[in-house]
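Next come the chains, spelled out residue by residue.
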Amino acid sequence: MAVPNLSFLSLLLLLLPLALLLLLYLIVRPRPTKIPIKSRHVFITGGSSGIGLALAHQAASEGARVSILARSIDKLEEAKNYIQLSTGVDVAVFAADVRDYDAVSKAVEDAGPIDVLIVNQGVFVPGELEKQGLDEVRFMVDVNLIGSFNMIKAALAGMKDRKDRGPGSIALMSSQAGQVGIYGYTAYSASKFGLRGLAEALQQEVIAHDIHVSLIFPPDTDTPGFVEECKTRPQLTSIIAESSGAMKADEVAKKALDGIKSASFFVPCNFEGLLLSTGTAGMSPQRSFVMAFVEVIATGVVRIAALGFQWNWYTSIHKWHAQNKSK
């Protein structure tokens, strides 16, 4: 009897994962789709430098009609010249502050119908909340979160009215600090965590119009803004951040654009980001039944890894405070 029992157990172990995969294939929503880039209008905020410039360059290289928006007209012209020289594509530039709804609305109107909107602008002022001025907190929330509302609201009606142009996309540039809170990122993390609620609710509101939302989670990225950030962020922030390596802006842009083209809701940019996305999936939409399977199976193991990271961070915090108290 031992051999038949063993065969039955082996069959059961094979059938259970297959049954789970079939169930997930049937229930994952929204359904998979592809977002074309070639010959389509891609509008990028924060497009004059860093990740935004890298995204604009890559989209132009893939045959998109590109518009970029930022505050500085001088930086926009520099970005325009760089893209034109390297790709031969002439991009449109719009100088506006995302905190000014009227200004971004005019830019959207002048730019024309948008197929892919990448809401990429972001600012970060590092510091512990107790030492940080409320004007700095408001600055981050206004640019990172309210600015995203302004940009999407300005573009949404036109994106819904697109006729026979295929699926559209709205992508929001969050951060790994929008997946887990980090010492010295109190206001920044709050502004980036808010983008997830915006993205999840927005996806439900626009899915009937064939518009697909992506939420991108870059790690520390080698950009001019990151260089300035490192000069002023708390020592403990730097100690904790040592566990995560920085990426190049071009690398992040490629991961981000690939995620947008596959209409992925969560777009991690490295292995650590994938672990964070798996561990924080919760009630978020998932198009891929294979990734849904990974999330279901791996959540427990990822939670253990997350607790290991938290143990390391809190150990560093207590050690740092103990050392500084003795001085």
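Residues numbered from 1 in each chain as written. Predicted model: local features only at pLDDT ≥ 70, side-chain atom pairs only at ≥ 80, totals over all residues. Heavy atoms only, no water.

### Observations concerning the pairing of strand 6 (residues 211-217)
Across a regular strand the side chains alternate sides, sitting on one face of the sheet and then on the other.
Right, on to step 1. Where burial is concerned, most of strand 6 is hidden: seven out of the seven residues are buried.
Right, on to step 2. Side chains of strand 6 alternate between two faces, with Ile 211, Val 213, Leu 215 and Phe 217 and His 212, Ser 214 and Ile 216 buried alike.
Right, on to step 3. Pairing analysis gives six bridges linking strand 5 (residues 168-173) to strand 6, with the strands arranged parallel. In the sheet register, Met 173 faces strand 6, and the bridge partner there is Ile 216.
Right, on to step 4. Once you follow strand 5 into helix 6 (residues 186-206) and on to strand 6, the crossover reads as right-handed. (Buried < 20%, exposed > 50% of the residue type's maximum accessible area, 1.4 Å probe, protein only. Helix = DSSP H or I, 4+ residues; strand = E, 2+ residues; numbered from the N terminus. Pairing = 2+ DSSP bridges. Right-handed = clockwise from strand over helix to strand, strands pointing away.)

### Points about the UniProt feature "transmembrane region" (unreviewed entry) in the protein chain
Right, on to step 1. UniProt feature "transmembrane region" (unreviewed entry): in the numbering of this structure it lies at residues 6-28 and 289-311.
Right, on to step 2. End C-alpha to end C-alpha, residues 289-311 measures 32 Å, and it is 100% helix and 0% strand. (UniProt positions renumbered as here; feature names shortened; annotations may be inferred.)

### Notes on the pattern of salt bridges
Right, on to step 1. Throughout the structure, instances matching the rule amount to twelve salt bridges.
Right, on to step 2. A salt bridge links Arg 40 to Asp 115; the shortest N-O distance between them is 3.7 Å. Residue Arg 40 is found in the loop between helix 1 (2-27) and strand 1 (41-45), and its partner Asp 115 is found in the loop between helix 4 (101-111) and strand 4 (116-119); the two are separated by 75 residues along the sequence.
Right, on to step 3. Of the residues examined, Asp 115 reaches a relative accessible area of 0% and is grouped as buried.
Right, on to step 4. Of the charged contacts in the structure, one is a salt bridge between Arg 162 and Asp 115, with a shortest N-O distance of 3.8 Å. One end of the pair, Arg 162, is in the loop between helix 5 (134-160) and strand 5; the other, Asp 115, is in the loop between helix 4 and strand 4, and 47 residues separate them in sequence. (Salt bridge = Lys/Arg side-chain N within 4 Å of Asp/Glu carboxyl O.)

### Side note on the layout of surface pockets
The probe, sized like a water molecule, is rolled over the atoms to show the empty space still left.
Right, on to step 1. Here the second largest pocket is characterised by a volume of approximately 460 Å³.
Right, on to step 2. If you trace the second largest pocket, you find 25 residues lining it, with Ser 264, Phe 266, Pro 268, Gln 286 and Met 291 closest to the centre.
Right, on to step 3. Mapped onto the lining of the second largest pocket, the elements with two or more residues apiece are helix 9 (249-261), strand 9 (266-268), helix 10 (271-279) and helix 11 (289-325).
Right, on to step 4. Among the elements that line the lining of the second largest pocket, the one with the most residues is helix 10, at four residues.
Right, on to step 5. Within the lining of the second largest pocket, the residues separate by chemical class into ten nonpolar, ten polar and five charged. (1 Å grid on protein atoms, 1.4 Å probe; cavity = no way out; pocket = protein on both sides within 12 Å on 5 of 7 lines; lining within 4 Å. Points joined across faces, edges and corners; volume = space filled by probe spheres on them. Nonpolar A, V, L, I, M, F, W, Y, C, P; charged D, E, K, R; others polar.)

### Points about the packing of aromatic side chains
Right, on to step 1. One pass over the structure, following the stated rule, counts eight aromatic pairs.
Right, on to step 2. Ring plane angle 80° and centroid distance 5.3 Å describe the contact between Phe 217 and Phe 266, whose orientation is recorded as edge-to-face. Taken together, the positions of Phe 217 in strand 6 and Phe 266 in strand 9 put the pair 49 residues apart, joining distant regions of the chain. For the pair formed by Phe 217 and Phe 266, the shared burial category is buried.
Right, on to step 3. Among the aromatic residues, ring-to-ring pairing joins Phe 124, Tyr 185 and Tyr 188 into one connected group. (Phe/Tyr/Trp six-rings, centres within 6.5 Å; stacked < 30°, edge-to-face > 60°.)

### Concerning helix 11
Right, on to step 1. Compared with an ideal rise of 1.5 Å per residue, which puts 37 residues at 54 Å, helix 11 spans 51 Å between its outermost C-alpha atoms and is within 8% of the ideal.
Right, on to step 2. The largest bend in helix 11 amounts to roughly 60° and is located at Ala 298.
Right, on to step 3. Every buried residue of helix 11 is listed here: Ala 292, Glu 295, Val 302, Trp 313, Ser 316, Ile 317 and Trp 320. (Expected span 1.5 Å × (residues − 1). Bend = angle between axes of the 7 residues up to and from the residue.)

### Remarks on unusual backbone geometry
Right, on to step 1. In this chain, Arg 29 is followed by Pro 30 through a cis amide linkage whose omega measures -5°.
Right, on to step 2. Tracing the chain through its elements places Pro 30 in the loop between helix 1 and strand 1.
Right, on to step 3. Unlike most non-glycine residues, Asp 210 shows phi in positive territory, near 60°.
Right, on to step 4. Looking at where Asp 210 falls in the secondary structure, it is placed in the loop between helix 6 and strand 6.
Right, on to step 5. Among the residues examined, Asp 210 registers a relative accessible area of 33% and is labelled partly exposed.
Right, on to step 6. Its identity as a non-glycine residue notwithstanding, Ala 263 has a phi of 60°, on the positive side.

### Let's talk about the pairing of strand 1
Right, on to step 1. Burial analysis of strand 1 places five of its five residues in the buried class, which makes it a mostly covered element.
Right, on to step 2. Where burial is concerned, the two faces of strand 1 agree: the one with His 41, Phe 43 and Thr 45 and the one with Val 42 and Ile 44 are both buried.
Right, on to step 3. The sheet contact formed by strand 1 and strand 2 (residues 65-70) spans five bridges and is parallel. From the neighbouring strand, His 41 faces strand 2, where its bridge partner is Arg 65.
Right, on to step 4. On the question of chirality, the crossover connecting strand 1 to the parallel strand 2 by way of helix 2 (residues 50-61) is right-handed.

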